[in-house]
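# Notes for the structure review
Listed below, chain by chain, are the residues.
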Amino acid sequence: MTVRLPGAGGTLRTYEPRTEPLAPAPGTPFTSRTVFSAAHVVADPFADVSPDSPAAVDWDATLAFRRHLWAHGLGVAEAMDTAQRGMGLDWAGAAELIRRSAAEARGVGGRIACGVGTDQLTGGSLARIRAAYEEQLAVVEEAGAQAILMASRALAATAESPEDYLEVYGHLLRQAADPVILHWLGPMFDPALEGYWGSADLDAATDTFLEVIAAHPDKVDGVKISLLDAQREIDLRRRLPQGVRCYTGDDFNYPELIAGDEQGFSHALLGIFDPLGPLAAEAVRVLDTGDVKGFRGLLDPTVELSRHLFQAPTRFYKTGVVFLAWLAGHQTHFTMVGGLQSARSLPHLARAYELADGLGLFPDPKLAEERMKNLLSLYGVNQ
């Protein structure tokens with residue numbers, strides 16, 4: 001079992017895959033942390049569509065992947081940026097995904113939270129933005145799922161001051177039926193969100209964010225922070241009102257943030273827990289026993305893979321996530337809605353394969369090797 005992988009300067013090098021996966025088994029629910037995996041969608045490879053067409057989703061494979069995550073005790077964060085919201089999956093497709101996944105969650109007893117945004121708009125007044133949020137919030141609540149209020153491109157483009165954010169979010173929180181998760185997604189994930197919360201100065205933006213929470217602490221279950229800045233997350237975490245959770249969205253520093261310190265810890269809502277699902281679940285169960293060293297021993301080695309998948313341009317991390325799902329046998333093809341399978345280079349994908357294989361993430365290493373070789377052959381690399 002050897003694979004010739006592209007290396008630096010167009011050269012090829014020989015890699016010997018491992019023969020045995022880690023194969024973590026499903027286990028009991030977590031007790032010390034609440035953990036969500038932001039899950040990807042599986043495209044329908046036989047649909048005759050273009051990158052500009054509405055998404056064609058393979059619903060059976062998409063829901064099967066969510067059952068895989070639930071089986072390991074993870075919650076599913078649905079219709080988030082990992083599911084290509086605004087990058088191939090429009091609101092109509094997201095609404096269908098929310099309804100189907102929420103029904104599936106009820107059937108298997110899985111935890112689910114769903115993204116609420118304004119992606120049916122490209123811009124507009126604050127009143128139109130509020131109405132768009134309200135429409136999506138109603139869909140999520142009617143489906144019986146927890147709501148995640150996502151950052152809005154339309155609001156970022158329209159808001160003229162921090163007060164506009166306070167008004168829109170205050171309005172939404174007052175009418176939310178149950179406590180929601182607030183999501184602060186940084187511009188490295190979506191450049192259109194530059195200056196969110198009314199300022200490009202992150203200290204000023206943090207103050208506005210915290211002001212929203214302080215005005216409605218009973219309506220905020222927690223906050224998801226995706227700024228790839230561990231110290232900023234820790235500082236914000238320490239300023240949250242009692243009872244409001246911090247869910248890390250930091251795909252660069254998640255082990256240390258989840259492990260926490262003497263003043264607290266972060267829960268998790270992470271895109272990297274899509275490919276890492278079973279391993280991440282095993283690590284959290286070790287943490288449940290109080291074994292921080294064991295937890296870090298399992299999760300720290302995964303950071304190199306995560307930083308590779310989420311390297312700039314970070315918003316294209318979804319390509320690596322779906323690629324690994326294909327290699328792991330969770331889907332039969334490497335096709336993405338919007339044609340996003342073309343967003344990463346062959347050397348990038350080859351390194352992702354090598355790192356994931358080294359971690360034992362593939363249930364069938366031979367299948368992963370064969371699929372990697374098939375991809376390489378399409379690029380003209382003969383084995």
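Let's shift gears to the side chain of Q146. Looking at the secondary structure, you find Q146 in strand β6 (residues 146-149). A relative accessible area of 16% places Q146 in the buried class. A polar contact is formed between the side chain of Q146 and the side chain of D221, at a distance of 3.3 Å. The contacts of Q146, once residues within four sequence positions are left out, are F36, R111, I112, A113, C114, V140, P179, V180, I181 and D221.

Y169, L182, Y196, V223, F273, F323 and Y353 are the most contacted members of the largest nonpolar core, which totals 122 residues. Setting aside chain neighbours within four positions, we find Y169 in contact with Y133, L149, M150, A151, L155, L182, Y196, W197 and V212. Counting residues in hydrophobic clusters, the runner-up holds 10 residues, among them A77, A113, M150 and L269.

Turning our attention to helix α7 (residues 230-237). Of the positions making up α7, those classed as buried are A230, E233, I234, L236 and R237. The buried residues of α7 occupy one face: seen down the axis, they fall within an arc of 165 degrees. Where α7 is buried, its residues contact β7 (180-185), α6 (202-215), β8 (220-226), β9 (245-248) and α8 (254-259). Capping of α7 at its N-terminal end is provided by D229; its side-chain oxygen lies 3.4 Å from the backbone amide nitrogen of Q231.

What follows is about the pattern of salt bridges. Taken as a whole and assessed by the stated rule, the structure comprises 18 salt bridges. A salt bridge links E354 to R13; its shortest N-O distance comes to 2.6 Å. Of the two residues, E354 is situated in helix α13 (residues 346-359) and R13 in strand β2 (residues 12-15); the sequence distance between them amounts to 341 residues. The salt bridge involving E354 is made with R351; its shortest N-O contact spans 3.3 Å. Of this pair, E354 and R351 both sit in helix α13, 3 residues apart, which is roughly one turn of the helix.

What follows is about the environment of E211. Examined against the element boundaries, E211 turns out to sit in helix α6. When the C-alpha positions of E211 and S199 are compared, they lie 14 Å apart, and in sequence the two are 12 residues distant.

The pairing of strands in a sheet comes from backbone hydrogen bonds and takes either a parallel or an antiparallel form. Reading around the barrel, the 8 strands line up as β3-β4-β5-β6-β7-β8-β9-β10 and close back on themselves, with parallel pairing between neighbours. Averaged over neighbouring strand pairs, the angle between their axes works out to 25 degrees when direction is ignored. Along the sheet, helix α1 (residues 59-71) contacts β3 (35-38), β4 (75-78) and β5 (112-116); its crossing angle with β4, the most-contacted strand, is approximately 140 degrees.

With that settled, the discussion passes to the packing of aromatic side chains. The full count for this structure, using the stated rule, is 18 aromatic pairs. Taking the centre distance of 4.9 Å and the plane angle of 75 degrees together, the rings of Y165 and Y196 count as edge-to-face. A residue pair is termed long-range when its members are at least 10 positions apart, and Y165 in helix α5 (residues 162-175) and Y196 in the loop between β7 and α6 qualify at 31 residues. The exposure class assigned to Y196 is buried, which follows from its relative accessible area of 2%. Seen in terms of ring centroids, Y353 and F362 are 5.9 Å apart; in terms of plane orientation they differ by 15 degrees. Their pairing is stacked.

Between helix α12 (residues 317-327) and α13, the least distance of the axes is 10 Å, while the angle of their chain directions is 55 degrees. Classified by the angle their axes make, α12 and α13 are oblique. The way α12 lies across α13 gives a crossing that is right-handed. For the pair α12 and α13, contact is made by T319, F323, L324 and L327 and by L349, A352, Y353 and A356, respectively. Here the residues of the contact of α12 with α13 sort into 7 nonpolar, 1 polar and no charged.

Rules behind the numbers
- Residues numbered from 1 in each chain as written.
- Predicted model: local features only at pLDDT ≥ 70, side-chain atom pairs only at ≥ 80, totals over all residues.
- Heavy atoms only, no water.
- Helix = DSSP H or I, 4+ residues; strand = E, 2+ residues; numbered from the N terminus.
- Buried < 20%, exposed > 50% of the residue type's maximum accessible area, 1.4 Å probe, protein only.
- Polar contact = N/O pair within 3.5 Å; in protein donor to acceptor, adjacent residues only side chain to side chain.
- Contact = heavy atoms within 4.5 Å.
- Core = buried A, V, L, I, M, F, W, Y, C linked by side-chain atoms within 4.5 Å.
- Arc of directions from axis to C-beta.
- Salt bridge = Lys/Arg side-chain N within 4 Å of Asp/Glu carboxyl O.
- Pairing = 2+ DSSP bridges.
- Axes fitted to C-alpha atoms, helices over the stretch in contact; angles between N-to-C directions.
- Phe/Tyr/Trp six-rings, centres within 6.5 Å; stacked < 30°, edge-to-face > 60°.
- Parallel < 35°, antiparallel > 145°, perpendicular 65-115°, else oblique.
- Left-handed = near helix turned anticlockwise from the far one by under 90°.
- Nonpolar A, V, L, I, M, F, W, Y, C, P; charged D, E, K, R; others polar.

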